[in-house]
Amino acid sequence: FVDIQGFTSLCERVPVHELSELVESYFERMSHIVMQHDGLIDKFIGDCVMAVWGAPFLIPNHEVKATLCGLLLNRETFCDPLKSQFEQCGEVLSVRIGINSGEVLAGNMGSTQRMNYTVIGDPVNLAARLESLNKQFDTRVLISAAVREKLGRGIFVLRFLMPIAVVGKRPLR
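Residues numbered from 1 in each chain as written. Predicted model: local features only at pLDDT ≥ 70, side-chain atom pairs only at ≥ 80, totals over all residues. Heavy atoms only, no water.

Novice: Would you mind going over the packing of aromatic side chains in detail, with residue names and values included?
Specialist: All told, the structure shown has two aromatic pairs when counted by the stated rule. Taking 5.5 Å as the distance between ring centres and 40 degrees as the angle between the ring planes, the aromatic pair formed by Y26 and F27 counts as tilted. Its relative accessible area of 0% is what places Y26 among the buried residues. Residue F27 is classed as buried on the basis of its relative accessible area, which comes to 14%. Note on F27 and F44: the rings are 4.1 Å apart at their centroids and 35 degrees apart in plane angle, and the pair reads as tilted. Of the two residues, F27 sits in helix 2 (residues 16–36) while F44 sits in strand 2 (residues 40–45), which places them 17 residues apart along the sequence. When its relative accessible area of 42% is taken as the criterion, F44 is described as partly exposed. Put simply, the rings of Y26, F27 and F44 pair up and form one aromatic cluster. (Phe/Tyr/Trp six-rings, centres within 6.5 Å; stacked < 30°, edge-to-face > 60°. Buried < 20%, exposed > 50% of the residue type's maximum accessible area, 1.4 Å probe, protein only. Helix = DSSP H or I, 4+ residues; strand = E, 2+ residues; numbered from the N terminus.)

In structure tokens:
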């Protein structure tokens, strides 16, 4: 999950036509990076990008690709054209990213009137929670222990924050 920090207040400050252009540029750059790293854009939820690796087709090293992608998505906010576009509107672009891995249910879901391909399950919910936890820790990219275990040694420099009890989840025993 990738979300723009402070998007609600940004919407209050930026006129709608400028906001539309900013969001379009943001989605364009984020989508390009996700797809370059074998990810699938599941959906856009407001300003959030929900991306998936390993569904509908298995992808080797998907945790590495998703983590690298997360770092590059964050880096993109410091680069032009996005940086300049947001600055021209008097805004600073900053994102929060949550990455998790696990077995999910993937497929067409919805109602008889409307269906979408998506993924659901506990790993999806945890990724969304990790994205929002960035706010509390003043971080930009959080990965779960499940992802950390799959990354191996020496690929990324990681910092252990602390064990976190995620609201709504049973504590580990």
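That shown, we press on.
Novice: Summarise the state of the cysteines; cite the residues concerned and give the values.
Specialist: Counting across every chain of the model gives zero disulfides. Summary of cysteine pairing: C11 is not part of a disulfide, and the nearest cysteine sulfur, belonging to C89, is at 12 Å. Residue class for C11 comes out partly exposed when judged on its relative accessible area of 30%. Looking at C69, it has no disulfide partner, and the nearest cysteine sulfur is the one in C48, 13 Å off. (Disulfide = S-S within 2.5 Å.)

Novice: Give a detailed account of helix 2, specifying residues and quantitative values.
Specialist: Between its first and last C-alpha atoms helix 2 spans 30 Å; for 21 residues at 1.5 Å apiece the expected length is 30 Å, and the two agree. Those residues of helix 2 not exposed but buried are L19, L22, V23, S25, Y26, F27, M30, S31, I33 and V34. (Expected span 1.5 Å × (residues − 1).)

Novice: Outline the side chain of D3, supporting the account with residue identities and numerical values.
Specialist: Tracing the sequence through the fold places D3 in strand 1 (residues 2–4). No salt bridge is formed by the buried D3; the nearest opposite charge belongs to R96, separated by 5.0 Å. The residues contacting D3, other than those within four sequence positions of it, are Y26, D47, C48, S94, V95, R96 and E131. (Lys, Arg positive; Asp, Glu negative; His and termini not counted. Salt bridge = Lys/Arg side-chain N within 4 Å of Asp/Glu carboxyl O. Contact = heavy atoms within 4.5 Å.)

Novice: Can you lay out the environment of D138 for me, pointing to particular residues and giving the numbers?
Specialist: Mapping D138 onto the fold places it in the loop between helix 5 (122–137) and strand 7 (141–143). Taking C-alpha positions, D138 is 9.4 Å from R96, a pair spaced 42 residues apart along the chain.

Novice: So what's going on with the pattern of salt bridges? Residues and values would help.
Specialist: Under the criterion given, the structure shown has six salt bridges. Between K65 and D38 there is a salt bridge; the shortest N-O distance is 2.5 Å. Of this pair, K65 sits in helix 3 (residues 62–76) while D38 sits in the loop between helix 2 and strand 2, placing them 27 residues apart in sequence. A relative accessible area of 39% means that D38 is categorised as partly exposed. Ionic pairing is found between E131 and R96, a salt bridge with its closest N-O pair at 3.6 Å.

Novice: Describe the pairing of strand 5 (residues 105–110), naming the residues involved and giving the relevant values.
Specialist: In summary, the side chains of a regular strand alternate between the two faces of the sheet. Of the strand pairs in this sheet, strand 5 and strand 6 (residues 115–120) are connected by six bridges, and their pairing is antiparallel. Bridge assignment links G110 to a residue of strand 6, and that residue is M115. What sits between the antiparallel neighbours strand 5 and strand 6 is a turn of four residues. (Pairing = 2+ DSSP bridges.)

Novice: Got a sec to walk through the side chain of D47? Specific residues and values, please.
Specialist: With respect to the secondary-structure elements, D47 resides in the loop between strand 2 and strand 3 (48–52). R96 provides the closest opposite charge to the buried, salt-bridge-free D47, at an N-O distance of 7.2 Å. At 2.8 Å, the side chain of D47 forms a polar contact with the backbone nitrogen of I4. If we ignore the near neighbours within four places in the chain, the residues touching D47 are V2, D3, I4, F7, Y26 and F27. (Polar contact = N/O pair within 3.5 Å; in protein donor to acceptor, adjacent residues only side chain to side chain.)

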